[in-house]
Amino acid sequence: LETFVERILFWNKSINLISRKDEESIWSSHILHSAAILFKVRIPNNSKALDLGTGGGFPGIPLKILHPTLQITLLDSTQKKIKVVQEILDALKLPDAHAIWGRAEEMGRNQEHRGRYDFVFARAVSDLTTLVKWSLPFLRSSGLEGREGRRQLGYLNIESPALLTLKGGDLETELSRARKHKSIREIQTIDLILKGADQLEGSGKKLVVVRF
Ligand code: SAH
């Protein structure tokens, strides 16, 4: 994670990966925010996931580092960001991690990616309805079932296929619009409150889990 932070801060001098004002708080505002997903849901080992609109690798790279069996594909429509993400993956020597350049709407029609993923992650990419539309083509039609019951030790045992997106602010309008989508089985919102993490405490940040 330290190498990742060091590479992000290096590249951020020439390309906008995170806002300048966030550089000092990168650990709490970006790394912890990305990692918070793993404090709240149990992602099964060897799951295959897509980070849609990864930017500089958030949340995909911290998730891959902290959950090494995850197979992750990092997608972004900005070529220079994907070049940087590829450089970072090479520097970190992460296995089963790929960077691809393309628009979600188009890549979802590509045979290599269509129906191939258990999970789609997205952070700060688009509204929920658009994310649902973009994610669905990537997801497998039937998933890995939660093996140990739905809740255990405060974790949500997530069942795939699902979209997991980090959201803030007032979500009610977005949620009621997205709920109209006929493929959705369930939407859950989880408060990202972590004991002692001031950046997340009271910030209203949420993890939205959409199961199909
Ligand atoms: N997830 C990162 C970046 C958020 S910015 C983070 O949390 O820091 C949103 C990113 O989504 C940008 O890098 C942008 O290039 C990408 N993006 C926007 N529309 C996209 C699309 N249709 N397909 C793929 N990537 C897209």
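The following paragraphs examine the structure supplied in this document. This one's a predicted model, so the numbers in the text were calculated from it and none came from an experiment. (Residues numbered from 1 in each chain as written. Predicted model: local features only at pLDDT ≥ 70, side-chain atom pairs only at ≥ 80, totals over all residues. Heavy atoms only, no water.)

1. Quick word on helix α1 (residues 2-11)
Turning to step 1, where the next piece is worked out: Among the residues of α1, F4, V5, R7 and I8 are the ones counted as buried. The buried residues of α1 all sit within an arc of 165° when viewed along its axis, so they share a single face.
Turning to step 2, where the next piece is worked out: On its buried face, α1 sits against α2 (26-40), α3 (60-66) and α4 (79-92). (Buried < 20%, exposed > 50% of the residue type's maximum accessible area, 1.4 Å probe, protein only. Helix = DSSP H or I, 4+ residues; strand = E, 2+ residues; numbered from the N terminus. Arc of directions from axis to C-beta. Contact = heavy atoms within 4.5 Å.)

2. Looking at the environment of S34
Turning to step 1, where the next piece is worked out: Its place among the elements puts S34 in helix α2.
Turning to step 2, where the next piece is worked out: With relative accessibility at 0%, the residue S34 sits in the buried group.
Turning to step 3, where the next piece is worked out: Along the backbone, S34 and F121 are 87 residues apart, and their C-alpha atoms lie at a distance of 9.9 Å.
Turning to step 4, where the next piece is worked out: Those residues in contact with S34 that lie beyond four places of it in its chain are F58, P59, P62, L63, R123 and L166.
Turning to step 5, where the next piece is worked out: Polar side-chain contacts of S34 include one of 2.8 Å to the backbone oxygen of H30. (Polar contact = N/O pair within 3.5 Å; in protein donor to acceptor, adjacent residues only side chain to side chain.)

3. A short note on the sheet that holds strand β10 (residues 206-211)
Turning to step 1, where the next piece is worked out: Across the sheet, which stays open at both edges, the seven strands sit in the order β4-β3-β2-β5-β8-β10-β9 with mixed pairing between neighbours. Strands at the two margins of the open sheet, each flanked by one partner only, are β4 (97-101) and β9 (186-191). With strand direction ignored, the average angle separating the axes of adjacent strands in the sheet is 20°.
Turning to step 2, where the next piece is worked out: Relative to β4, α4 is tilted by about 165°, and along the sheet it contacts β3 (71-76) and β4. (Pairing = 2+ DSSP bridges. Axes fitted to C-alpha atoms, helices over the stretch in contact; angles between N-to-C directions.)

4. Description of the site of the ligand
Turning to step 1, where the next piece is worked out: The environment of the ligand is made up of 16 residues, and the closest members are G53, F58, D76, E105 and R123.
Turning to step 2, where the next piece is worked out: At 3.3 Å from a nitrogen atom of the ligand is found a main-chain nitrogen or oxygen belonging to S77.
Turning to step 3, where the next piece is worked out: Contacts to the ligand include E105, whose side-chain N or O atom sits 2.8 Å from a nitrogen atom.
Turning to step 4, where the next piece is worked out: Here the ligand, which alone exposes 580 Å², has 83% of that area covered by the protein.
Turning to step 5, where the next piece is worked out: In a pocket analysis with a 2 Å cut-off to the grid points, the ligand is assigned to the largest pocket. (Near = heavy atom within 4 Å. Areas by Shrake-Rupley, 256 points an atom, 1.4 Å probe, with all protein chains shown as cover. 1 Å grid on protein atoms, 1.4 Å probe; cavity = no way out; pocket = protein on both sides within 12 Å on 5 of 7 lines; lining within 4 Å. Sits in = over half its atoms within 2 Å of the grid points.)

5. Brief notes about the side chain of R123
Turning to step 1, where the next piece is worked out: Locating R123 in the fold gives a position in strand β5 (residues 119-123).
Turning to step 2, where the next piece is worked out: One buried charged residue, R123, forms no salt bridge at all, with the nearest opposite charge on D22 at 6.2 Å.
Turning to step 3, where the next piece is worked out: At 3.1 Å, the side chain of R123 forms a polar contact with the side chain of H30.
Turning to step 4, where the next piece is worked out: At 2.9 Å, the side chain of R123 and the side chain of H33 are in polar contact.
Turning to step 5, where the next piece is worked out: With residues near it in sequence (within four places) discarded, R123 still touches S29, H30, H33, S34, G53, F58, P59 and L166. (Lys, Arg positive; Asp, Glu negative; His and termini not counted. Salt bridge = Lys/Arg side-chain N within 4 Å of Asp/Glu carboxyl O.)

6. Some thoughts on the packing of α1 against α4
Any two packed helices are characterised by the angle at which their axes cross and by the distance between the axes.
Turning to step 1, where the next piece is worked out: Closest axis-to-axis distance for the α1/α4 pair is 10 Å, and the angle between their directions is 150°. As summarised for this structure, α1 and α4 are arranged roughly antiparallel, according to the angle between their axes. In this structure, α1 crosses over α4, and the sense of that crossing is right-handed. Contact residues: α1 offers T3, F4, R7, I8 and W11, while α4 offers V84, E87, I88, A91 and L92.
Turning to step 2, where the next piece is worked out: Its residues assigned to classes, the contact of α1 with α4 comprises seven nonpolar, one polar and two charged. (Parallel < 35°, antiparallel > 145°, perpendicular 65-115°, else oblique. Left-handed = near helix turned anticlockwise from the far one by under 90°. Nonpolar A, V, L, I, M, F, W, Y, C, P; charged D, E, K, R; others polar.)

7. As for the nonpolar core
Turning to step 1, where the next piece is worked out: Judged by nonpolar contacts, the single largest core of 42 residues is most densely connected at I43, I61, F121, L164 and L207.
Turning to step 2, where the next piece is worked out: Here this core takes six residues from α4, the largest share from any one element.
Turning to step 3, where the next piece is worked out: With 24 residues, the next largest nonpolar core counts A104, A122, L128 and I187 among its residues. (Core = buried A, V, L, I, M, F, W, Y, C linked by side-chain atoms within 4.5 Å.)

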